[in-house]
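Here is how the chains run, residue by residue.
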Amino acid sequence: MQCPFCHADDTKVIDSRLVGEGEQVRRRRECISCTERFTTYETIELILPRLLKRDGSCVQFSEEKLRAGLLRALEKRPVRTDQVDAAIKRILHRLRATGEREIETKVLGEWVMAELRALDEIAYVRFASVYRRFQDIEEFQAEIFRLKNTSDIIHE
């Protein structure tokens, strides 16, 4: 690991510990040349599938875009950050578990809607209205009716 201070190539690890629920290793390092200390973080890099969009183009998956979309739908709703993080973690797990190199955005969108539905029904309808491109109030009503009917079945 290169020293960020003197750019020497030789550093030694002084301390290592797990952070982030064991998904990351924090290492304290010391430069052999200048004796400055610094911290590095090591994470597992898993390849996520690329996304096939409706128009046929293919884009790299972006966790930041996923989080931004969820947070936009959940704006001013009573959902905690840890709940959002857990939802994102479940979606990422499903993406990795497919084992596919490419996945349609339609599939990812359905997973996002399922997570939002479990978190907050208002956020779900907000997201669905954009994702499914609602054109008028009847489409909102139909989605709310579907949501209400399936919620009633689940609660019986």
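So, here is what we can say about the structure in this document. Every value quoted in this text rests on a predicted model; they were computed, and no experiment measured them.

**Observations concerning unusual backbone geometry**
Line of reasoning, step 1. Positive phi is not limited to glycine here, since His-7 has a value of about 65 degrees.
Line of reasoning, step 2. Non-glycine residue Lys-76 carries a positive phi angle of around 60 degrees.
Line of reasoning, step 3. Structurally, Lys-76 is set in the loop between helix H1 (63-73) and helix H2 (81-98).
Line of reasoning, step 4. When its relative accessible area of 78% is taken as the criterion, Lys-76 is described as exposed.

**Examining the packing of aromatic side chains**
Line of reasoning, step 1. Within the structure shown, the criterion is met by 0 aromatic pairs.
Line of reasoning, step 2. The ring of Tyr-124 carries the charged tip of Arg-117 above its face, separated from the ring centre by 5.7 Å.

**Points about the sheet that holds strand S5 (residues 58-59)**
Through backbone hydrogen bonds, the strands of a sheet pair up, either in parallel or in antiparallel fashion.
Line of reasoning, step 1. Spatial strand order, S5-S4-S6: 3 strands in an open sheet with mixed pairing. Because the sheet does not close on itself, it has two edges, and the strands there are S5 and strand S6 (102-104).
Line of reasoning, step 2. Pairing of strand S4 (residues 50-52) with S5 involves 2 bridges; the strand directions are antiparallel. Across the sheet, the residue bridging to Leu-51 is Val-59, located in S5.

**Overview of the pattern of salt bridges**
Line of reasoning, step 1. Within the structure shown, the criterion is met by 10 salt bridges.
Line of reasoning, step 2. For Arg-17, the salt bridge is made with Asp-15, and the minimal N-O distance between the two is 3.0 Å.
Line of reasoning, step 3. Residue classification places Arg-17 among the partly exposed residues on the basis of a relative accessible area of 47%.
Line of reasoning, step 4. Two residues, Arg-146 and Glu-143, come together in a salt bridge whose shortest N-O distance is 2.5 Å. With a gap of 3 residues between them, Arg-146 and Glu-143 both fall in helix H5 (residues 137-155), about one helical turn apart.

Calculation notes
- Residues numbered from 1 in each chain as written.
- Predicted model: local features only at pLDDT ≥ 70, side-chain atom pairs only at ≥ 80, totals over all residues.
- Heavy atoms only, no water.
- Helix = DSSP H or I, 4+ residues; strand = E, 2+ residues; numbered from the N terminus.
- Buried < 20%, exposed > 50% of the residue type's maximum accessible area, 1.4 Å probe, protein only.
- Phe/Tyr/Trp six-rings, centres within 6.5 Å; stacked < 30°, edge-to-face > 60°.
- Lys NZ or Arg CZ within 6 Å of the ring centre and 35° of its normal.
- Pairing = 2+ DSSP bridges.
- Salt bridge = Lys/Arg side-chain N within 4 Å of Asp/Glu carboxyl O.

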